[in-house]
Amino acid sequence: MAAGYLDILRARHAARLLTGTLVGRLPNGTAHIAIVLFTRAEGGSYTLAGALAAVYGLATAVGQPLLGRAVDLYGQPRVQLPASVLSALGMALLAVAGFGSLPLAYAAVVVAGVFTPPLEGGLRALWPSVLGSEDRVHRAYAMDAVAQEVMFTIGPLLVTLLVSLWSPAAALLVINAIGVLGALSVVLSEPSRTWRSAPREAHWLGALRSRGLLALLGSFFFVGMALGSITVAGVAYADDHGRESVYGWLMAALGLGALIGGALYGARQWSGPPERRLRVIVALLALGYLPLMLTPGVVAMTVLAAVAGVFLAPAIACSFIVVDRHAPRGTVTEAFSWLVTTFGVGAAAGTAVAGPAVELGGTAWSFAVAGAGGVAALIVLLSTGRVLAVPGHSAVAVRGPESDREDAVEPGLSQGRQA
């Protein structure tokens, strides 16, 4: 298993691109907690903190596909780096100006969110030209999903460390400065500088004209909803047991399960259509969420949380492959960005629904939202099976500039290749 991942990291540029992307996405992965801590330190209410975090999330959801389309049209360096700088400046404005003017504070988080660079989608567009073979690219998708879990675990810890050493304002400034450095590392790399999207058909819908992609996005809205509801349900469960640390154990178990599942998934070479495989994985994901409604004792609940997390990273990794197969030619970064946006919006919806569920029926009902989200995701995939069965295009993975069509090396990978 480790040998397969080491093979990827030994590939020229691979370690730099993966590390730079994770570092560049650090501001986005920690923004919610950084905004809440800063708002409370400045004397703001939890309501204001939640509103600012929600506005940031919505702004990011709007900006990702728009910037992803811009990357497909104009290349990575012209979009990713300026966007990263503008996003960091938005957070810097919030840190410096504080809440003397609420409209200015909201404007600052809107700028920070809208201009969050689509590094995640950009990395997935680069993998085929860096790694060459389809199997290695698919393994890289799994490694990418696992690395995200690590980033979302380490990121909040880094924020709290910076807050304890300096201040919440300093944490905002430092995290976003680090993010700019990560984006800079990516866009200065040769693969990013030379990447060009495949020629695309002019269409106002862009990637969304693919029915297969729309089906996948519909499913992953509900996957995001399931995951978002668990964050609220976990708090309610911890309150029921009178210990805040219980929440940390549940979230850590969920992340550990995702790490294990993603690592095992990426270590194996899979055969057959990824769409069929995705249906099986999402079915297992839903099956893992349903027992959480039992809300047993802390030890048993922690084990259930770990089991529930096992199929999350494989589902995400497999969805990357499906996106790759169904995105219209020349829209690969935009398509991946839509997946990020849809997942994020679903998570926000899950958080919003789980809160009232706790009030109405208790903790078990809030975990029922997660189970219902998993089942709904599976229903979408099953009901759109015919749409997903037909890839949106036939494409090839290539190694050089995309205009050099004679360098095609392997069928089965999609457009948007640096070649």
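Residues numbered from 1 in each chain as written. Predicted model: local features only at pLDDT ≥ 70, side-chain atom pairs only at ≥ 80, totals over all residues. Heavy atoms only, no water.

S.K.: Would you mind going over the overall build of the chain with me for this structure?
M.R.: Within the chain, the secondary structure is distributed over 18 helices and two strands. Here the C-alpha atoms of the chain give a radius of gyration of 21 Å, agreeing with the 22 Å that 2.2 N^0.38 yields for 419 residues. Expressed as lengths along the three principal axes of its C-alpha atoms, the size of the chain is roughly 65 × 45 × 40 Å. Relative to its full complement of 419 residues, the chain shows a buried share of 54%. Restricting the contact set of the chain to residue pairs at least 6 apart, pairs at least 24 apart contribute 79%. A total of about 16900 Å² of accessible surface is found on the chain, and carbon and sulfur atoms cover 69% of it. Distance from the positive charge centre (26 side chains) to the negative charge centre (22 side chains) of the chain: 5 Å. (Helix = DSSP H or I, 4+ residues; strand = E, 2+ residues; numbered from the N terminus. Rg over C-alpha atoms; globule rule 2.2 N^0.38 Å. Buried < 20%, exposed > 50% of the residue type's maximum accessible area, 1.4 Å probe, protein only. Contact = heavy atoms within 4.5 Å. Areas by Shrake-Rupley, 256 points an atom, 1.4 Å probe, with all protein chains shown as cover. Lys, Arg positive; Asp, Glu negative; His and termini not counted. Charge placed at Lys NZ, Arg CZ, Asp CG, Glu CD.)

S.K.: How do you make sense of unusual backbone geometry when you look at a structure like this?
M.R.: In most cases, non-glycine residues show a negative phi, while peptide bonds are predominantly trans. Even without being a glycine, His-13 presents a positive backbone phi close to 80 degrees. Its location among the elements puts His-13 in the loop between helix 1 (2-10) and helix 2 (14-24). Since its relative accessible area comes to 22%, His-13 is described here as partly exposed. In this structure, Thr-295 is a non-glycine residue whose phi angle is positive, near 40 degrees. Assignment of secondary structure puts Thr-295 in the loop between helix 13 (274-289) and helix 14 (298-309). Overall, Thr-295 belongs to the partly exposed group, its relative accessible area being 25%.

S.K.: How should the pattern of salt bridges be read in this particular structure?
M.R.: A side chain of one charge can pair with a side chain of the opposite charge when the charged atoms of the two come close. One pass over the full model with this rule turns up seven salt bridges. The partner of Arg-124 in a salt bridge is Glu-120, with the nearest N and O atoms 2.6 Å apart. One end of the pair, Arg-124, and the other, Glu-120, are both in helix 7 (residues 119-131), four residues apart, so they sit about a helical turn from each other. Overall, Arg-124 belongs to the buried group, its relative accessible area being 0%. On the basis of relative accessibility, which here comes to 9%, the residue Glu-120 falls in the buried class. Linked by salt bridges that have partners in common, Arg-25, Glu-120, Arg-124 and Asp-144 make up one network. (Salt bridge = Lys/Arg side-chain N within 4 Å of Asp/Glu carboxyl O.)

S.K.: Whenever I open this one, the packing of aromatic side chains confuses me. Can you help?
M.R.: Centre distance and the angle of the planes are the two values used to describe a pair of aromatic rings. Scanning the entire structure with this criterion turns up six aromatic pairs. Note on Phe-38 and Phe-99: the rings are 5.6 Å apart at their centroids and 40 degrees apart in plane angle, and the pair reads as tilted. Of this pair, Phe-38 sits in helix 3 (residues 26-41) while Phe-99 sits in the loop between helix 5 (77-97) and helix 6 (102-114), and the two are 61 residues apart along the sequence. For the pair Phe-38 and Phe-99, one class covers both residues: buried. Ring geometry for Tyr-265 against Trp-270: centres 5.2 Å apart, planes inclined by 25 degrees, an arrangement best described as stacked. Ring pairing ties together the aromatic residues Tyr-141, Phe-320 and Phe-336, which thus form one cluster. The lysine or arginine in question, Arg-124, covers the ring of Phe-336, its NZ or CZ lying 5.8 Å from the ring centre. (Phe/Tyr/Trp six-rings, centres within 6.5 Å; stacked < 30°, edge-to-face > 60°. Lys NZ or Arg CZ within 6 Å of the ring centre and 35° of its normal.)

S.K.: Got a minute to help me understand the nonpolar core in this structure?
M.R.: Note that soluble globular proteins tend to have their nonpolar side chains buried in a common cluster. With 102 residues, the main nonpolar core has Met-91, Leu-94, Trp-127, Leu-131, Phe-220, Leu-278 and Tyr-289 as its most contacted residues. Per-element tally for this core: the top contributor is helix 11 (residues 211-240), with twelve residues. The contact partners of Tyr-289, leaving out residues within four places of it in the chain, are Ala-226, Leu-227, Ile-230, Ala-308, Leu-312, Ala-370, Gly-371 and Gly-374. (Core = buried A, V, L, I, M, F, W, Y, C linked by side-chain atoms within 4.5 Å.)

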